[in-house]
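# Descriptive structure summary
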Amino acid sequence: MARRFTQQQQRRFARIQAERQHRLERRQAAQPTDATGALQHGTVVANHGAELEVESVHGARVRCTPRSTLLETPVCGDQVGWRAADADQGVIETILPRRTLLQRIDDHGRARAMAANIDRILIVAALQPEPDRLLIDRLLVAAELTAIEPMLILNKIDLADAEARHAMDALVALYHQLGYTVLESSTIAGHGLDAIHQALSGLNVIFTGQSGVGKSSLLNALLPDEQARTGALHSSGHGTHTTSTARLYPMAQGGAIIDSPGIRDFGLDSRDPAHIAQGFPEFAPFLGQCRFRNCRHLDDSGCAIRDALEQGIIDPRRFESWRRMTA
Ligand code: GDP
Ligand code: ZN
């Protein structure tokens, strides 16, 4: 489906890309050329803190450390240039320009990269636990602000009785109307998985959403075989030594799932109303139209967003999420 990003979002995204490209070019110009092997192309497929695992174009996995002159930290999903240091060790020399970058703000308020080149953020909800609409909207806003297209998956539809089906249809209609793709699935009944496979073909994706909605189950259902899943089974946050590692799991039809507990916790870092408003695509036509420039779109007089709400153009459920996100 063609585009829901506002022009302002697109401009911001283009500016971030241009700045990153500029840094990259400066860094590449300064790169020493004394490494042993030839410069090769690869993909970062695991991120164990200081050490990374790079998959070469021939499918070999090599443990790599980033060259100290790199200005940015390579993360899962990065396309890199690397050189072999010895048989199973290498050095990452360059990071190729990133299409997208997933970040979170750490405890010190610094942006930390989590995954690169993600094409879709899959927001999973289920019939049980009952969908948390505020959380769904927060994740949608976070995705919009990261300029990565979100997609909703409503899982466990095998649990739908008539009443639940009704509530589910209303939810699906709300998000469809906003232009989002909503897919239904049941990992237990095997329903909807082909459609999800198709929709994700060739794309890099991450899973987010409430605990217990079936993210691990979906991940396992979408990966081709036992081998691909090795290490993927950190079931709902119960710690094993692999849980802090971000990993890329290739899907059979191209594309990949990138997963780690940190990535599953992707969310909205901002509390700035002007910023958050950019994450509501249906607000776009009205932003800048309020009487007061610093309008918070709550009870302010002359508010164009409230007018749109009263005219039924903005859905009251979405406005309620706006209120709770910015209160
Ligand atoms: P996560 O916390 O989001 O990773 O959720 P899990 O994948 O661990 O699933 C939580 C629980 O929901 C498990 O007991 C699963 O067996 C169950 N579950 C997952 N998918 C489905 C489904 O499609 N239908 C039903 N009825 N249960 C499911
Ligand atoms: Zn307003």
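Predicted model, so just to flag it, every value in this text is computed and none were measured. (Residues numbered from 1 in each chain as written. Chains lettered and ligands numbered in written order. Predicted model: local features only at pLDDT ≥ 70, side-chain atom pairs only at ≥ 80, totals over all residues. Heavy atoms only, no water.)

## Remarks on the coordination of the zinc ion (ligand 2)
Looking at the metal site, the zinc ion (ligand 2) is ligated by Cys290 (SG), Cys295 (SG), His297 (ND1) and Cys303 (SG), spaced 2.1 to 2.4 Å from it. Around the zinc ion (ligand 2), the four donor atoms are arranged such that angles at the metal cover 100 to 114°; this shape is classified as tetrahedral. Of note, the donors binding the zinc ion (ligand 2) are all from one chain and are spaced C-x4-C-x1-H-x5-C. Since its relative accessible area comes to 12%, Cys290 is described here as buried. (Donors = N, O, S within 2.8 Å, 3.2 Å for Na, K, Ca; no water. Tetrahedral: all angles 85-135°; square planar, octahedral: opposite > 155°, others 65-115°. Buried < 20%, exposed > 50% of the residue type's maximum accessible area, 1.4 Å probe, protein only.)

## Notes on empty space enclosed by the protein
According to the stated counting rule, one finds two cavities of 30 Å³ or more in the structure shown. Of the voids in this model, the largest cavity is the one considered here, and its volume is about 70 Å³. If you trace the largest cavity, you find it lined by Ala125, Ile136, Leu152, Ile153, Leu154, Leu171, Val172, Tyr175 and Val182. Listing elements by their share of the lining of the largest cavity, those giving two or more residues are strand 9 (149-155) and helix 3 (162-177). Residue composition of the lining of the largest cavity, by class: nine nonpolar, no polar and no charged. (1 Å grid on protein atoms, 1.4 Å probe; cavity = no way out; pocket = protein on both sides within 12 Å on 5 of 7 lines; lining within 4 Å. Points joined across faces, edges and corners; volume = space filled by probe spheres on them. Helix = DSSP H or I, 4+ residues; strand = E, 2+ residues; numbered from the N terminus. Nonpolar A, V, L, I, M, F, W, Y, C, P; charged D, E, K, R; others polar.)

## Regarding the packing of helix 4 (residues 193-200) against helix 5 (residues 215-222)
When two helices pack together, their arrangement is given by the angle between their axes and by how far apart the axes lie. Relative to each other, helix 4 and helix 5 sit at 75°, their axes nearing to 11 Å. Classified by the angle their axes make, helix 4 and helix 5 are roughly perpendicular. Of helix 5, the residues touching helix 4 (which contributes Leu193, Ile196, His197 and Leu200) are Leu218, Ala221 and Leu222. For the contact of helix 4 with helix 5, the residue count by class is six nonpolar, one polar and no charged. (Axes fitted to C-alpha atoms, helices over the stretch in contact; angles between N-to-C directions. Parallel < 35°, antiparallel > 145°, perpendicular 65-115°, else oblique. Contact = heavy atoms within 4.5 Å.)

## Focus on the site of ligand 1
The local shell around ligand 1 holds 17 residues, among which Asp158, Thr187, Gly212, Lys215 and Ser217 are the closest. A distance of 3.3 Å is found between an oxygen atom of ligand 1 and a backbone nitrogen or oxygen belonging to Val213. Coverage of ligand 1 by the protein chains reaches 76% of its 580 Å² of free accessible surface. With three residues, helix 5 is the single largest residue contributor to the shell around ligand 1. (Near = heavy atom within 4 Å. Polar contact = N/O pair within 3.5 Å; in protein donor to acceptor, adjacent residues only side chain to side chain. Areas by Shrake-Rupley, 256 points an atom, 1.4 Å probe, with all protein chains shown as cover.)

## Digging into the packing of aromatic side chains
Across all of its chains, the model carries three aromatic pairs by this definition. Each ring, one from Phe280 and one from Trp322, has its centre 5.8 Å from the other, and the planes form 85°; the classification is edge-to-face. Pair noted here: Phe280 is in the loop between helix 8 (273-277) and helix 9 (304-310) and Trp322 is in helix 10 (residues 316-326), with a separation of 42 residues, a long-range link. For the ring pair Phe283 and Trp322, a centre distance of 5.4 Å and an interplane angle of 70° mean the geometry is edge-to-face. (Phe/Tyr/Trp six-rings, centres within 6.5 Å; stacked < 30°, edge-to-face > 60°.)

## Brief notes about helix 10
Within helix 10 the residues assigned to the buried category are Arg318, Phe319, Ser321, Trp322, Met325 and Thr326. On an axial view of helix 10, the arc spanned by its buried residues comes to 155°, and they lie on one face. Counted as exposed and oriented over 90 degrees from the buried face of helix 10: Pro316 and Arg324. Considering only its buried residues, helix 10 is in contact with helix 2 (133-146), helix 3, helix 8 and helix 9. Its side-chain oxygen placed 2.8 Å from the backbone nitrogen of Arg317, Asp315 serves as the N-cap of helix 10. (Arc of directions from axis to C-beta.)

## Examining the side chain of Ser56
Along the polypeptide, Ser56 turns up in strand 2 (residues 51-56). Those residues in contact with Ser56 that sit more than four places away from it in its chain are His41, Gly42 and Trp82.

## Quick notes on the environment of Leu248
Along the chain, Leu248 turns up in strand 12 (residues 246-250). Separated by 12 residues in sequence, Leu248 and Ser260 place their C-alpha atoms 9.2 Å apart. In this structure Leu248 touches Thr43, Val44, Val45, Cys76, Gly77, Ala256, Ile257 and Ile258, once residues within four positions along its chain are discounted.

## A look at helix 2
Along its 14 residues, helix 2 runs 20 Å from first to last C-alpha, staying within 8% of the 20 Å computed at 1.5 Å per residue. Counting buried residues along helix 2, 11 of its 14 residues qualify, which places the element largely inside the surrounding structure. Residues Leu134, Ile136, Asp137, Leu139, Leu140, Val141, Ala142, Ala143, Glu144, Leu145 and Thr146 constitute the buried set of helix 2. Two or three places before Leu134, at the opening of helix 2, Asp132 has a side-chain oxygen 3.2 Å from that residue's backbone nitrogen. Note on helix 2: the residue one or two positions beyond its end, Ala147, has a positive phi of about 60°. (Expected span 1.5 Å × (residues − 1).)

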